[in-house]
Amino acid sequence: MNKVSIGAVGILLGAAAYWVIDNYAARDAASEPTAETAMAFISETENTFQELGEYAGHVFWIQANFFTHDSNWLVTKVSEEFTSLGVKLSKEASRYNDVELDFDTRRKMDSLRRGLTLPAPDDPEKMAELAEITTGLESTYAFGKYNGLADVDIIKIMATSRNEAELKDVWQGWRTVSPPMRDDYARMVEIANQGSQELGFADTGALWREGYDMPADEFTAEADRLWGQVQPLYESLHCYVRDRLVDQYGDAAVTGSGMIPAHLLGNIWAQQWGNVFPLVAEGDADPGYDLTQLLVDAGYDEIQMVKTGEAFFTSLGFEPLPETFWERSLFTKPQDRIVQCHASAWDIDDEDFRIKMCIDITGEDFNTIHHELGHNFYQRAYKIHGPIYQGGANDGFHEAIGDFIALSITPNYLVQLGLLDEEPDASADIGLLLSQALDKIAFLPFSLVVDQWRWKVFSGEISPENYNAGWWALREQYQGVTPPVERTEADFDPGAKYHIPGNVPYMRYFLAHILQFQFHKAACDMAGWQGPVHRCTIYGNREVGDRLNTMLEMGSSKPWPDALEAFTGTREMDGSAILAYFAPLKDWLDEKNAGKQCGWDAG
Ligand code: X8Z
Ligand code: ZN
């Protein structure tokens, strides 16, 4: 689990929690809420978080690195305590809804009110049941195997195999892991919704959407607006990729309604398609190098990849990571135990930052390292605040920082690293853009679908009897991908994606994919970059670093438009930067697609 995502309330708890809870309960009955008691409450809560966050952080770290019956037992206990305290804090905070408060006290109060990802009703039995379920779901995923293959093994097969039958087999096989999650998931939704309603939210999805400094409904419209901006680019990419896959796999690559079977896109969830680049790149779409090959040829190991990522940040003026980062992080997959290999970044206390990743020597993992380090540098920058403000401007910002830095892994930068001899000329541009688009553009509808599904599940629009059909209806509608084999309600395909059993909200990644291009454009403008923006690297630019640091240091202390303005000068999330970045590719795709029947009929 990515602790950064959880925010201050998400990292508290521990043995000391009980006295705090009793304390709040006593005050609840005793005092009228006033501006003075509000300040005392916030100050007390900040102290509690400081103390208990550390305890919870260590417990979660142990579980993610040593998945056993006992570590799960500990996590269940901490989660239960955590929910219990979170509910109390949220209720206490709501008592101040109509009290006039200064800006910071109001903002912190509102943050506490929305602090839990999955609240439970104020009932110890339901809190315990919810904690059992969430730990169980994560553990089912972590222990999941098909024919002895864990998710990381299947990810590798999907990335490299071109054997249609094998791809279909592992695609289907990985999804045998998730049906046992189905009933627990439904029960979890029921409990979390009861909890959310007790706290005054329509349902848990509405609670999640209220985390964006605007009413839940406005955020739904905002997500639709952003998608509307980028949808035509996605459709051009879909059309072109489908044709190339038909060249490779024949009729197996397209359905009568124009959709692409989900097992042919180089990724077990069809979420990023970069791994099929060699299949879809034509002669005039050659980037001139392959990052994985460059890293392998140069003999990079896991540590060197992380050191190189860190060096990018220090080139911008950030301090190096502490020695403990290197001592305590997990960089390689241990052979002797079960770990949660899904990459994550952690702040255990004010000085203890770590990543947990099962690194392979690939371009993809090189990018992910920058993604994770972006979390760590953000976490360190906002430590100037108390725990309640220790979070991203919104969660999309947190996910965007490292990706934004990784957009600077350009040919020019690779030459500076000594990995590439010389920059390929402009004839490589389409290849560079196509390979980026396969990851960044293909991801957009996927990242929408995950939480469109969960929002509908929480609102009851998709009921447990329709979990799987509802999932595929959305994937077909937005992504134009379809299952390669028949699916029924005996399946639970959402559960085969880590963030569903892990209960990590996903809209953050959609926003991050819009925001990172806004950050990149603003940074390149700051740097006075003149050429095409996809060739721009901000490596070594201290001015950009200083300005970035200003935004990072704000944490969640101000509404996100203020943070966005501090770095980019604009207050709106906006798809025009990503569209401008890919504009030459869009023209090229449309030329290739001319006269073709594009699009699909999702029924
Ligand atoms: O989960 C992640 C990061 C950790 S926050 C590795 N990502 C999403 C995913 O893997 O599904 C990054 C991109 C989307
Ligand atoms: Zn992340």
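So, here is what we can say about the structure in this document. What you see is a predicted model; the values in this text were computed from it and never measured.

Binding of the zinc ion (ligand 2) to the protein goes through His371 (NE2), His375 (NE2) and Glu399 (OE), at separations of 2.0 to 2.1 Å. For the zinc ion (ligand 2), the 4 donor atoms in the first shell make angles of 92 to 130 degrees at the metal, so the coordination geometry reads as tetrahedral. Sequence spacing among the residues donating to the zinc ion (ligand 2) works out to H-x3-H-x23-E. Remark: Glu399 occurs in helix α16 (residues 395-406) and His371 occurs in helix α15 (residues 363-381); sequence separation between them is 28 residues. For His371, a relative accessible area of 13% puts it in the buried group. Glu399 gets classed as buried once you look at its relative accessible area, which sits at 1%.

The next thing to look at is the environment of Gln231. With respect to the helices and strands, the residue Gln231 is situated in helix α10 (residues 216-249). Taking the C-alpha atoms as reference points, Gln231 and Pro445, separated by 214 residues in sequence, lie 8.2 Å from one another.

Bringing the environment of Ser459 into the picture now. Mapped onto the elements of the fold, Ser459 is located in helix α18 (residues 429-459). Note on Ser459: relative accessible area 42%, which makes it partly exposed. For the pair Ser459 and Asp203, spaced 256 residues apart in the sequence, the C-alpha separation amounts to 6.1 Å. Separated by 3.3 Å, the side chain of Ser459 and the backbone nitrogen of Glu461 make a polar contact.

Here we take up the packing of aromatic side chains. In this structure the tally under the stated criterion is 42 aromatic pairs. Between the NZ or CZ atom of Arg209 and the centre of the ring of Trp455, over which it lies, the distance is 4.8 Å. In this structure, Arg337 packs its charged tip against the face of Phe66, placed 4.1 Å from the ring centre.

Summed over all chains, the structure comprises 36 salt bridges. Across the pair Glu46 and Lys108 runs a salt bridge whose closest N-O atoms are separated by 2.8 Å. On the criterion of sequence distance, the pair formed by Glu46 in helix α2 (residues 35-65) and Lys108 in helix α4 (residues 103-113) is long-range, its members being 62 residues apart. Judged by relative accessible area, which is 10%, Glu46 ranks as buried. One salt bridge in this structure joins Arg535 and Asp429, with 2.8 Å as the shortest N-O distance. Highlighted residues: Arg535 in the loop between α20 (507-526) and α21 (542-553) and Asp429 in helix α18, separated in sequence by 106 residues. For the pair Arg535 and Asp429, one class covers both residues: buried. What you see here is one network of salt bridges that share partners, running through Arg244, Asp247, Glu282, Asp284 and Lys592.

Right, let's talk about the packing of helix α8 (residues 182-198) against α18 for a bit. Between α8 and α18, the shortest axis-to-axis distance is 9 Å and the interhelical angle comes to 65 degrees. It follows from the interaxial angle that α8 and α18 lie roughly perpendicular. Judged by the twist between their axes, the crossing of α8 over α18 is right-handed. Every residue of α18 that contacts α8 at Tyr185, Val189 and Asn193 is listed here: Trp453, Arg454, Val457 and Phe458. A breakdown of the residues in the contact of α8 with α18 according to their chemical character gives 5 nonpolar, 1 polar and 1 charged.

Conventions and cut-offs
- Residues numbered from 1 in each chain as written.
- Chains lettered and ligands numbered in written order.
- Predicted model: local features only at pLDDT ≥ 70, side-chain atom pairs only at ≥ 80, totals over all residues.
- Heavy atoms only, no water.
- Donors = N, O, S within 2.8 Å, 3.2 Å for Na, K, Ca; no water.
- Tetrahedral: all angles 85-135°; square planar, octahedral: opposite > 155°, others 65-115°.
- Helix = DSSP H or I, 4+ residues; strand = E, 2+ residues; numbered from the N terminus.
- Buried < 20%, exposed > 50% of the residue type's maximum accessible area, 1.4 Å probe, protein only.
- Polar contact = N/O pair within 3.5 Å; in protein donor to acceptor, adjacent residues only side chain to side chain.
- Phe/Tyr/Trp six-rings, centres within 6.5 Å; stacked < 30°, edge-to-face > 60°.
- Lys NZ or Arg CZ within 6 Å of the ring centre and 35° of its normal.
- Salt bridge = Lys/Arg side-chain N within 4 Å of Asp/Glu carboxyl O.
- Axes fitted to C-alpha atoms, helices over the stretch in contact; angles between N-to-C directions.
- Parallel < 35°, antiparallel > 145°, perpendicular 65-115°, else oblique.
- Left-handed = near helix turned anticlockwise from the far one by under 90°.
- Contact = heavy atoms within 4.5 Å.
- Nonpolar A, V, L, I, M, F, W, Y, C, P; charged D, E, K, R; others polar.

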